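# Tertiary structure, described
Take a look at the letters that make up each chain.
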Amino acid sequence: MFAKIKLPAGLDRRGTEYQAQAKFYDADLVRWFLGRLQPIGGWVQIGTALTGTARHIHSWVDNSANGRAAIGTESHVYTLTPSGTLADISPLSGYSTQSADSTWTFDNAGKLLVGVNDAHGTIFTWSPGDAAMAALTNAPSADCVVVTNEGIIMALGSGGNPRQVSWCDKDDFTDWTAGFADLAGDLTVQAKAGIQCAHNVRAGTLIWTTEDLHIFQYVDLPNVYGVERVADDCGAISRGCVALVGDLAFWMGQSSFHVCNGGAFVEELACTIHDDVFGKLDRTNAAKVRAVHVSAFNEIWWMYPHTDDAGTENSRIAVYNYVEKHWTYHALDRHCGVGRGAGFAEPLMIDGTVVYRHEVGTTMTGAGTPFARSGPVELGDGEQVMHARRCIPDEKASGDVDLYFYTRLYPNATETTHGPYSAANPIGL
């Protein structure tokens, strides 16, 4: 007789391997897309190596319709074009090399690139054609920056106050003094902790602290911006842990993943690999967590440091498919990344000093072998002993996949490995 074995998409690591019966229990470098299991795409280097350790990458389109990406390390800032041209735009004055763990944040006001390193605090700007970034005149110090939907630069954690938000006038980025005739101003967020990061949705500017989430909304003069708390106990674990999908914001919190719909409400994401992520998260280096939207496959990738791996950098990636609502993970060293767009046809991800175009070909330099392993598939309930003699796989690239079968007579018996078998059709066992 034939027994049909059909396994649902994604990993289920919520219990023991035996409890993951008829489900996938372990995997690496594979994804489920439209219900089909397949390897992730490969990667190729773009541009030359960076100096320093990359912590953030941001892409945008300038006023001449040229796509660009900005990359920040502790010592340098670079721009990268889709053709692979890398240019050093590091500030020529007013900046010194910071700790290798320090983090840049970037945003853009039209063609103008705005950035700050959280260990240094000076807000810098750059326009195409400038030789280097320059300090923004009159701007306060900041931990991070965002440009609001109204085109106003906001300094978060300004003036050394981790809860303070300051913003400039809309028509003059050098005017940061509140007055009757302009929109510059500031306020202190009544939050449990300091501000981590900010991103725009249609309803306003979402601002995360390490403990909660707030939304800034434009209300015009005299207050200019008003702020409301959206939710408690859902703070961001790092400055780069948020990814936007339209009006949805996905992020990694202190002990769970979350999603916010348009700034209206927050929901915790059910995660079938929760213990593997948060139980093995290197919290000493949690500030290095980064999120990337891989839009072609409806995925959010969270890069994070894992206690089982040597070193202090990101070494694992938790992946959520937000359309099909399943999870998997990869063992892969990536410091930061940005999704496709702004002239870049594929996502860009950085391993320390090397920038890669991802989802290109099948070559996976420096990585392991893609695989997926299920939990037990029982062929009976003990009344009968069944012998598997033949397997008929449903596999598109016949001959490119090896199958292994692991058998045991009862849960605690010694496991026997059978294979590899080339996934022809059918396979004699």
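Scroll up to find the structure.
First, a word on scope: everything that follows refers to the structure included in this document. What you see is a predicted model; the values in this text were computed from it and never measured.

### Some details on the overall build of the chain
What the chain contains, in helices and strands, is one helix and 36 strands. By the compact-globule yardstick of 22 Å for 429 residues, the chain fits well, its C-alpha radius of gyration being 24 Å. Projecting the C-alpha coordinates of the chain onto the three principal axes gives extents of approximately 85 × 45 × 35 Å. Counting over 429 residues, the chain shows a buried share of 50%. Put simply, of all contacts in the chain between residues at least 6 apart along the chain, 50% involve residues at least 24 apart.

### Examining empty space enclosed by the protein
In the structure shown here, the tally under the stated rule is one cavity of 30 Å³ or more. Estimated volume of the largest cavity: approximately 30 Å³. The greatest single-element share of the lining of the largest cavity, amounting to three residues, is contributed by strand E27 (residues 316-321). Residue classes in the lining of the largest cavity are distributed as three nonpolar, three polar and two charged.

### Some thoughts on the pattern of salt bridges
Overall, the coordinates contain 22 salt bridges when judged by the stated rule. One salt bridge connects Arg 373 with Glu 17, and the closest N-O pair in it is separated by 3.0 Å. Within this pair, whereas Arg 373 is found in strand E32 (residues 371-374), its partner Glu 17 is found in the segment before strand E1 (24-28), the two being separated by 356 residues in sequence. Residue class for Arg 373 comes out partly exposed when judged on its relative accessible area of 23%. Between Lys 280 and Asp 308 there is a salt bridge whose closest N-O contact spans 2.8 Å. A residue pair is termed long-range when its members are at least 10 positions apart, and Lys 280 in the loop between helix H1 (274-278) and strand E25 (290-294) and Asp 308 in the loop between strand E26 (299-304) and E27 qualify at 28 residues. Exposure remark for Lys 280: the relative accessible area of 32% places this residue in the partly exposed category. Among the charged side chains, a salt-bridge network with shared partners connects Glu 17, Arg 373, Arg 408 and Glu 415.

### Details of the layout of surface pockets
Within this model, the second largest pocket holds a volume of roughly 830 Å³. In terms of lining, the second largest pocket is formed by 34 residues, of which the most central are His 56, His 58, His 199, Val 242 and Val 338. For the lining of the second largest pocket, the secondary-structure elements that each account for two or more residues are strand E5 (56-61), strand E9 (104-109), strand E13 (144-147), strand E17 (195-201), strand E21 (242-245), E25 and strand E29 (336-338). Across the lining of the second largest pocket, the residue classes tally to 16 nonpolar, 13 polar and five charged.

### A few points about the sheet that holds strand E12 (residues 134-135)
The strands making up a sheet associate through hydrogen bonds between their backbones, and the pairing can be parallel or antiparallel. If you trace the four strands from one edge of the open sheet to the other, you get E9-E10-E11-E12, paired in antiparallel fashion. Across the chains shown, the open sheet's two edge strands, defined by having one partner strand only, are E9 and E12.

### Description of the side chain of Glu 74
With respect to the helices and strands, Glu 74 occurs in the loop between strand E6 (67-72) and strand E7 (77-80). Apart from the residues within four sequence positions on either side, Glu 74 is in contact with Gly 52, Thr 53, Tyr 95, Ser 96, Thr 97, Gln 98, Ser 99, Ala 100 and Ser 102.

### A word on the pairing of strand E19 (residues 213-220)
Note: strand E18 (residues 204-209) against E19, four bridges, orientation antiparallel. The partner of Leu 206 across the bridge, within E19, is Ile 215. Turn length for the E18-E19 hairpin, with the two strands adjacent in sequence and antiparallel, is three residues. In this structure, E19 lies alongside strand E20 (residues 224-231), joined through seven bridges in antiparallel fashion.

### Concerning the sheet that holds E26
Spatially, four strands are ordered E25-E26-E27-E28 in an open sheet, and the strand pairing comes out antiparallel. Only two strands of the sheet have a single partner each, and these edge strands are E25 and strand E28 (326-331). Pairs of neighbouring strands in the sheet enclose a mean axial angle of 20°, with direction left out of account. Of the pairings in the sheet, the one linking E26 to E27 comprises six bridges and is antiparallel in character. Paired with Ile 300 across the strands is Tyr 320, a residue of E27.

Criteria and cut-off values
Residues numbered from 1 in each chain as written. Predicted model: local features only at pLDDT ≥ 70, side-chain atom pairs only at ≥ 80, totals over all residues. Heavy atoms only, no water. Helix = DSSP H or I, 4+ residues; strand = E, 2+ residues; numbered from the N terminus. Rg over C-alpha atoms; globule rule 2.2 N^0.38 Å. Buried < 20%, exposed > 50% of the residue type's maximum accessible area, 1.4 Å probe, protein only. Contact = heavy atoms within 4.5 Å. 1 Å grid on protein atoms, 1.4 Å probe; cavity = no way out; pocket = protein on both sides within 12 Å on 5 of 7 lines; lining within 4 Å. Points joined across faces, edges and corners; volume = space filled by probe spheres on them. Nonpolar A, V, L, I, M, F, W, Y, C, P; charged D, E, K, R; others polar. Salt bridge = Lys/Arg side-chain N within 4 Å of Asp/Glu carboxyl O. Pairing = 2+ DSSP bridges. Axes fitted to C-alpha atoms, helices over the stretch in contact; angles between N-to-C directions.

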